[in-house]
Structure formats: structure tokens, C-alpha cells
Amino acid sequence: MWIGVTEILQIAILIPCTGNLIITIQIQTFGITRTQPACTSCSYTSQIFFTLSIIFAGVRNGVERVSRLMMPVLVVLSVIIAVYSVTRPGALAGVAYFLVPNPANFSWMTVVTAMGQMFYSLSIAMGILVTFGSYMKKDVSIEESTEHVEIFDTLIAVMAGLMIIPAVFAFSGGDPDTLQAGPALMFITIPKVFASMG
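As a starting point, this report considers the structure included with it. (Residues numbered from 1 in each chain as written. Predicted model: local features only at pLDDT ≥ 70, side-chain atom pairs only at ≥ 80, totals over all residues. Heavy atoms only, no water.)

This part covers the nonpolar core. Residues Met 163 and Ile 164 are the most contacted members of the largest nonpolar core, which totals 14 residues. Going through the elements one at a time, helix 4 (58-86), helix 7 (142-172) and helix 9 (185-197) are the ones with two or more residues in this core. Broken down by element, the residue count for this core peaks at 7 residues, all from helix 7. (Core = buried A, V, L, I, M, F, W, Y, C linked by side-chain atoms within 4.5 Å. Buried < 20%, exposed > 50% of the residue type's maximum accessible area, 1.4 Å probe, protein only. Helix = DSSP H or I, 4+ residues; strand = E, 2+ residues; numbered from the N terminus.)

The next point concerns the side chain of Ser 78. With respect to the element layout, Ser 78 can be found in helix 4. When residues no more than four places from it in sequence are discounted, the contact partners of Ser 78 are Met 159 and Met 163. (Contact = heavy atoms within 4.5 Å.)

This paragraph deals with the packing of aromatic side chains. The full count for this structure, using the stated rule, is 1 aromatic pair. When the ring of Tyr 97 is compared with that of Phe 169, the centres are 5.4 Å apart and the planes differ by 45°; the resulting orientation is tilted. Residue Tyr 97 is located in helix 5 (residues 91-99), and its partner Phe 169 is located in helix 7; the two are separated by 72 residues in the primary sequence. Exposure remark for Tyr 97: the relative accessible area of 40% places this residue in the partly exposed category. For Phe 169, a relative accessible area of 15% corresponds to the buried category. (Phe/Tyr/Trp six-rings, centres within 6.5 Å; stacked < 30°, edge-to-face > 60°.)

The next subject is the packing of helix 4 against helix 7. Running from N to C, helix 4 and helix 7 point in directions that differ by 35°, and their axes come no closer than 8 Å. You can see that helix 4 and helix 7 cross each other, and the crossing is left-handed. Facing helix 4, whose interface residues are Val 75, Ser 78, Val 79, Ile 81, Ala 82, Ser 85 and Val 86, helix 7 presents Ile 156, Met 159, Leu 162, Met 163, Pro 166 and Ala 167. For the contact of helix 4 with helix 7, the residue count by class is 11 nonpolar, 2 polar and no charged. (Axes fitted to C-alpha atoms, helices over the stretch in contact; angles between N-to-C directions. Left-handed = near helix turned anticlockwise from the far one by under 90°. Nonpolar A, V, L, I, M, F, W, Y, C, P; charged D, E, K, R; others polar.)

With 13 residues, helix 9 ought to run about 18 Å at 1.5 Å a step, and its terminal C-alpha atoms sit 19 Å apart, in line with that. Phi turns positive one or two residues past the end of helix 9, at Gly 198, with a value near 80°. (Expected span 1.5 Å × (residues − 1).)

A surface patch of nonpolar side chains, amounting to about 790 Å² of accessible area, comprises Phe 50, Leu 69, Met 70, Val 73, Val 76, Leu 77, Ile 80, Phe 194 and Met 197. Only helix 4 and helix 9 provide two or more residues apiece to the nonpolar patch. Looking at the nonpolar patch element by element, the count peaks at 6 residues for helix 4. (Patch = residues over 30% accessible without salt bridge, like charges linked within 9 Å, V, L, I, M, F, W, Y side chains within 5 Å. Areas by Shrake-Rupley, 256 points an atom, 1.4 Å probe, with all protein chains shown as cover. Salt bridge = Lys/Arg side-chain N within 4 Å of Asp/Glu carboxyl O.)

For helix 5, the complete set of buried residues consists of Ala 91, Gly 94 and Val 95. Seen along its axis, helix 5 keeps its buried residues to an arc of 100°; they face one direction. Looking at the buried side of helix 5, the elements it contacts are helix 4 and helix 7. (Arc of directions from axis to C-beta.)

With their axes 9 Å apart at the nearest point, helix 7 and helix 9 run at an angle of 65° to one another. The angle between helix 7 and helix 9 places the two elements in the roughly perpendicular class. Between helix 7 and helix 9 lies a crossing whose hand is left-handed. Each of Met 163, Ile 164, Ile 165, Ala 167, Val 168, Phe 171 and Ser 172 in helix 7 lies in contact with helix 9, whose residues at this interface are Leu 185, Met 186, Thr 189, Ile 190, Lys 192, Val 193 and Ser 196. (Parallel < 35°, antiparallel > 145°, perpendicular 65-115°, else oblique.)

On the surface, a cluster of negative charge is made up of Glu 143, Glu 144, Glu 147 and Glu 150. Note that Glu 144 resides in helix 7. (Lys, Arg positive; Asp, Glu negative; His and termini not counted. Charge placed at Lys NZ, Arg CZ, Asp CG, Glu CD.)

Now the structure itself:
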């Protein structure tokens, strides 16, 4: 089961229902167990109507207009979480683990994993460019737009690393088993960050 924007929106809707993120959600490998079925149904229903209203509004009046608002908000929230994670006690060890190369941890599997992430990330970016390309104005440079996507994709990836890896060291002491969790690491660590934010 893939956890994406839909589940993150659901988490945001579930928090007011229970008042406690940790009690509401028990994170497993790639699933989320919900303990509030009525609230879950309400959040899914409101989420579906919200998404449908954006889709029915079209690309320019729906997706583009909502993205212009939601993407900067997402980036600002990510910066806040990254700063908070990096400033926790013990988090600087996580920053060093994340940013300082360690040849002892290098293997060919590291290269394969990095290339897989690169192709996945850039293929999504390419899909977005192709989708929105038909709506671009004639005076917009495709090359310049592609460069912006590459730059922002890299910056957001580094910021995501600064949100998660230092938090693993701050809240789990850099547990090697936690660090090997893969994509689920975000859904293991970020709830701990939110809980500590109070």
C-alpha cells in the first residue's frame, strides 16, 4: 500500500478529531492502522470532495490555482520541521550522518538505490512537465522550466533528508534498524517530531 498525499491529508484531518497524533495513528511498514473509524470515514469523504472539486475545476482554475497556494505552504512547513529537527539534542550526529560521505557504507547497492531514486524523481518531474506543457504560454522556456524542476527537486530532497535523518538520531539515537526502514522512515519519524512539538 502506497502512502501519499491522500494519507497525509487524512492525518491532518484526523488530528482535530482525537487531539493526539500518536494515539490516532499506529505506523506500520506501509500501512496505517486507524483507531477512529467514524472520524476516518469523515476525513476520507471530505478529502474525496475536496479533490474532486479541484479536478472538476480543471488544470488552470483547479490544479494550478491550488498548487500556487499549497506548494509554498508545504515548503514553508518543511523548512520549519527541518529547522526543528536539526535543533533537537543529538540531531547534529544525524546531520553529519546525512551530509558527510562515509566510504565504509558505500556499496554498489548504494549506487543502484540512488539511481532508482533519481529516475523515479525525475520521471515524475518529466510527467508533470508533459502534463502541464500543453497549458504553458508560448513565451515560457521549456529548458528553463526543466532546470527549475531539477534544482527545486534536489533542494526539496535535501530538505526532506534534514527533516528526517536528524530526527532519527534525536528521537531514536540513530538506531541502525530504524535507519534501514526505507520509505517508511518518514512515517515512523515525523509523528515523533510532531509529538515533541507539542
